[in-house]
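Breakdown of the fold
As a plain string of letters, each chain reads:
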Amino acid sequence: MKARHSPRPAVPARRRLSRFGRLGPLLAAALSSALPACVDAVTVEQAPPPPALGVRESRTLTLEFMRFDARGFAKTLTLEELRALPRPTLEGIWLLDLDVSTLIENALLKVMYMPPAEIAALPPAAQNLVGLLNMTPENADLRGTSLEGLLGVGNAVGIPTSKILSDLVGAAGNERIIPVEITAQAVLENLVSTHPNTKTRRGPPTDEHPDGVYPVAPHSIPVTLYDVVTDFAGLAGQFGPAPLDPDDPDGAEHPGFIKAASGVKAALDSFTMTVKVNVNALPYKGVDATAADVASVNSTPGQIDTLFDFSEPDWLVLDDLSRNLSIGELTLAIPESPMHLPGGTSEEPAPRGDSPVWEQPLWEFEHILARAGELRAAQIEDHCSSYGPQGTSTSEFQPVEVCIDDAGWTRISVEDSVVLEEPPPSPSYFWDILLEVAQARLHDGGLAEGEADIEVTLRDVPVGVKTEDLVASIKENLANDPAVLKDMAIELNDNAAGDADFYLYQPSTESGVAGTRDYLYFVAPDDIRKDAEGARVRDYAYERPGFFADPELTKKVSTTEEIDGDALHEKVEVEPGDALYFEDDEGRRYEIRIGDKPSAHRLSLTLTRLE
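To continue, consider the overall build of the chain. Along the backbone of the chain there are 16 helices and 29 strands. Here the chain, with 611 residues, has 49% of them falling under the buried criterion. Pairs at least 24 apart in sequence give 71% of the contacts found in the chain among residues at least 6 apart. Carbon and sulfur atoms form 50% of the exposed surface of the chain, whose accessible area is close to 28400 Å².

Within the structure shown, the criterion is met by 28 salt bridges. Taking the shortest distance from any N to any O, the salt bridge between arginine 87 and glutamate 91 comes out at 2.7 Å. With a gap of four residues between them, arginine 87 and glutamate 91 both fall in helix α3 (residues 87–91), about one helical turn apart. The partner of arginine 589 in a salt bridge is glutamate 611, and the shortest N-O contact between them spans 3.6 Å. Of the two residues, arginine 589 is situated in strand β28 (residues 589–594) and glutamate 611 in the segment after β29 (602–609); the sequence distance between them amounts to 22 residues.

Under the criterion given, the structure shown has 21 aromatic pairs. Ring geometry for tyrosine 503 and tyrosine 521: centres 5.5 Å apart, planes at 40°, overall tilted. Taken together, the positions of tyrosine 503 in strand β22 (residues 502–505) and tyrosine 521 in strand β25 (residues 518–522) put the pair 18 residues apart, joining distant regions of the chain. Of the two residues examined, tyrosine 503 and tyrosine 521, each falls in the buried class. Relative to phenylalanine 547, the ring of phenylalanine 522 has its centre 5.5 Å away and its plane inclined at 75°; by these criteria the two rings are edge-to-face. Of this pair, phenylalanine 522 sits in strand β25 while phenylalanine 547 sits in the loop between β25 and β26 (571–574), placing them 25 residues apart in sequence. Phenylalanine 547 matches phenylalanine 522 in its accessibility class, with the two residues each being buried.

Quick look at the sheet that holds strand β16 (residues 324–334) now. Spatially, three strands are ordered β11-β16-β21 in an open sheet, and the strand pairing comes out antiparallel. What marks the edges here is a single partner per strand, and that holds for β11 (258–262) and β21 (454–466). Averaged over all pairs of adjacent strands, the angle between strand axes in this sheet comes to 30°, irrespective of strand direction. Pairing of β11 with β16, which is carried by four bridges, proceeds in the antiparallel orientation. By the bridge assignment, alanine 261 is partnered in β16 with leucine 330.

So, on to the sheet that holds strand β4 (residues 69–78). An order of β4-β12-β15 is seen for the three strands of this open sheet, with the pairing classed as antiparallel. Edge strands, defined here as strands with exactly one partner in the open sheet, are β4 and β15 (316–321). For this sheet the average axis-to-axis angle between neighbouring strands, irrespective of direction, equals 10°. In the sheet, β4 pairs with strand β12 (residues 267–280) via eight bridges, with the strands oriented antiparallel. Directly across from threonine 78, in β12, lies its bridge partner threonine 272.

Where burial is concerned, most of helix α9 (residues 180–192) is hidden: 10 out of the 13 residues are buried. Among the residues of α9, those classed as buried are Val180, Ile182, Thr183, Ala184, Ala186, Val187, Leu188, Asn190, Leu191 and Val192. Elements in contact with the buried residues of α9: α4 (101–112), α6 (124–133), α10 (196–199), β10 (253–254), β16 and α13 (365–377).

Counted under the stated rule, the structure contains one disulfide. In this model, cysteine 384 is linked to cysteine 403 through a disulfide, with the two sulfur atoms separated by 2.0 Å. Its S-S torsion of about 115° marks the bond between cysteine 384 and cysteine 403 as right-handed, since a negative value means left-handed. Residue cysteine 384 is located in strand β17 (residues 383–387), and its partner cysteine 403 is located in strand β18 (residues 400–404); the two are separated by 19 residues in the primary sequence.

This next bit is on a negative patch on the surface. Where like charges cluster on the molecular surface, the negative patch consists of Asp245, Asp247, Asp248 and Asp250. Mapped onto the secondary structure, aspartate 248 falls in the loop between β9 (242–243) and β10. Residue classification places aspartate 248 among the partly exposed residues on the basis of a relative accessible area of 36%.

This part takes up the environment of proline 246. Residue position: proline 246 is located in the loop between β9 and β10. In this structure proline 246 comes out as exposed when scored by relative accessible area, which is 61%. As for proline 246 and proline 196, which are separated by 50 residues in sequence, their C-alpha atoms are 7.7 Å apart.

The subject of this paragraph is α6. Taking burial as the measure, the 10 residues of α6 include seven buried ones, the bulk of the element. Three or more residues of α6 are buried, namely Ala125, Ala126, Asn128, Leu129, Val130, Leu132 and Leu133. Structurally, α6 contributes buried residues whose contacts are with α4, α5 (116–120), α9, α13, α14 (430–442) and β21.

For the rest of this paragraph, the subject is unusual backbone geometry. Of note, the bond from glutamate 348 into proline 349 is cis; its omega dihedral lies within 30 degrees of zero at -5°. Position of proline 349 relative to the elements: it lies in the loop between β16 and α13. Following alanine 350, the chain continues to proline 351 via a peptide bond in cis, the omega torsion being 5°. Topologically, proline 351 is positioned in the loop between β16 and α13. Positioned with a positive phi, aspartate 231 is a non-glycine residue whose angle comes to about 55°.

If you look at the biggest cluster of nonpolar residues, it comprises 125 residues, and the most contacted ones within it are Leu82, Leu225, Met273, Leu478 and Met488. Sequence-distant contacts of leucine 478, defined by excluding residues within four places in its chain, comprise Ile93, Trp94, Leu95, Phe310, Trp315, Leu316, Val484 and Leu485. Counting residues in hydrophobic clusters, the runner-up holds 33 residues, among them Tyr503, Leu580, Ile592 and Leu607.

A word on the pairing of strand β13 (residues 284–288). Of all five residues making up β13, four are buried, and the element is well covered by its neighbours. Pairing geometry for β13 and strand β14 (residues 293–297), over five bridges, is antiparallel. Bridging across to β14, tyrosine 284 finds its partner in valine 297. Between β13 and the antiparallel strand that follows it, β14, lie four residues; alanine 292 among them carries a positive phi value of about 50°.

Here the focus is the environment of isoleucine 490. With respect to the helices, strands and loops of the structure, isoleucine 490 is situated in helix α16 (residues 486–492). Residues isoleucine 490 and isoleucine 304 lie 186 residues apart in sequence; the distance between their C-alpha atoms is 9.6 Å. With residues near it in sequence (within four places) discarded, isoleucine 490 still touches Asn298, Thr300, Pro301 and Asp526.

Overall, the predicted model of the chain reaches an average pLDDT of 87, with 90% of residues at or above 70. Within the model, the stretch residues 34–39 combines pLDDT values under 50 with three contacts to residues more than four positions away or in other chains.

Thresholds applied
- Each chain carries its own residue numbering, running from 1 in the written order of its sequence.
- Confidence filtering applies because this is a predicted model: local features only for residues at pLDDT of at least 70, side-chain atom pairs given and counted only at 80 or more, and all residues used for totals across whole chains, interfaces and linings.
- By convention in this description, side-chain values take in all heavy atoms of the structure and omit both hydrogens and water.
- Where helices and strands are cited, they refer to DSSP runs of H or I of at least four residues and of E of at least two residues respectively, numbered from the N terminus.
- Categorising residues by exposure relies on relative accessible area from a 1.4 Å probe, with only protein chains included: less than 20% of the type maximum marks a residue as buried, more than 50% marks it as exposed, and the intermediate range marks it as partly exposed.
- Whether two residues touch is decided by their heavy atoms; if any such pair falls within 4.5 Å, the residues are in contact.
- The accessible surface values rely on the Shrake-Rupley method and a 1.4 Å probe; as for residues, cover is taken only from the protein chains in view.
- Basic side-chain nitrogens of Lys or Arg form a salt bridge, by our definition, when they fall within 4 Å of a carboxyl oxygen of Asp or Glu.
- Stacked, edge-to-face and tilted are the three classes for Phe, Tyr and Trp ring pairs, Trp counted by its six-membered ring, which pair at centre distances within 6.5 Å; planes under 30 degrees apart are stacked, over 60 edge-to-face, the rest tilted.
- If DSSP finds at least two bridges between two strands, the strands pair.
- Fitted lines through C-alpha atoms give the axes, limited to the stretch in contact for helices. The angle between two N-to-C directions lies from 0 to 180 degrees.
- Working definition: a disulfide is two cysteine sulfur atoms within 2.5 Å of each other.
- Patch building starts from residues that exceed 30% relative accessible area and form no salt bridge, then joins like charges within 9 Å and nonpolar side chains (Val, Leu, Ile, Met, Phe, Trp, Tyr) within 5 Å.
- A residue counts as positive if it is Lys or Arg and as negative if it is Asp or Glu; His and the chain ends are not included.
- Here the site of a charge means atom NZ of a Lys, CZ of an Arg, CG of an Asp or CD of a Glu.
- Remark: nonpolar core denotes a set of buried residues (Ala, Val, Leu, Ile, Met, Phe, Trp, Tyr, Cys) joined through side-chain atoms within 4.5 Å.
- Every residue carries a pLDDT, the predictor's confidence in it, which falls somewhere between 0 and 100.

Encoded structure:
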């Protein structure tokens, strides 16, 4: 646990600071736009911190409540400035769930229409994939499968096998047996959507999602600001091999579907992100009980619900996103099963039959093929085609009949009068036929079972989303969930100093801050300072956060009532003479005795350590 320790090391007695040196970047930017450009450095005397309190020791401190309201202030961040933000901050800003249906379909089309010279350079399994994606009734190679018997059936009645296949699937002879959109759907369902990082994403904890885990839209990948400003540098890591259960890193693993990716240009070098905010840019003054000293708490977390005016169309402006988002080089990977998986021979168990393929992991190539066959069968109307000599005949002699019903079950019947060297294929589901043929062709070239994992590298694959649609989705999502911008807003207005346990707040009135009502707010987890890497400098280790009326901390007097939109902090109204008690994050108990008010916006108090 990161904990505070006292006494703390003294800081140098003298430090050279510009007049903006201790202000948050947002406040400094706001002030610099209103003041002359040239600001001389000044020398500021910096007193060393006081010693920590011993048991039964007291110290009187004065807190001041100040405001600097920046209304409609526009802050523009360049690509370089965004990249300088801590990675956890950028990764925490979810922008949208990007539908990758078009990307997968475009990738498959790239494979299908690959030039012959590029096909020849592919590994054998990837070459075989090209042939499978382009399989038609005319070019279907039935060697080594039970459908090889169709050759004999065709010869017996004088018709080509392609005619029988064409009639069976309801496709022209040179039309692909499985259209690309069906193959893409099977890949999305079985390979992409089963990856743990396409199922859920991280986000801020809410009442609806207390664990901070959110579902990802179907057929989509979550996109964060980190992805955009780094040109999706983490694609292969995010969607490569990953534990199926994130809480069990040593358990079963998904193989992933992206082996490598590069050349993505999501944001041009001139990209800027402009946010317009309404914010009190000054910190709240509070007390660090461990040091018994005044500390500054960043005021941004308590304002997140009012920080942005979503009714203004320019509350967020993204300039110079890539107009045509594409992936320069993408390597897709699909594993095959280590064993041969025969097609089924029974209608039971319905509705898929008895092939062992359905018991295998969804993401294996054979299961994807079977699913594609199932989807294709759903498009084929139940029918029977009869054949006599020289093709479909109107005569009574029609010894060959090929049927498929509305469940996808196929039968090829041949009268005993027709002499065949090999019997016709046994009845089976349409996807069993496809699976048998595809497995045979996948291993062409002497590939053994388990040697046909597919990896294929494609270039210039369009993602399939328009920039204006991308921006519209980002703005809508952020407006619906502004909490995801909280960490970035804190970075932009980083004015915290020290590690306060509580701070002074004065509620607003219609005419502004009156200064007649004083509240003490107990810090919440969002108030903990973060380091340059975006990690909290200490744990939120308060066992009993809030304020109490008794030293034993049994009678809590603070509540989380909403004031000025803040329902996060434990808070209590105080007046001169009040006594409160609390415990810090190291388990030490303190008394707060409220003193007088030196002015409308100042409050004195005496802090006493009890144990």
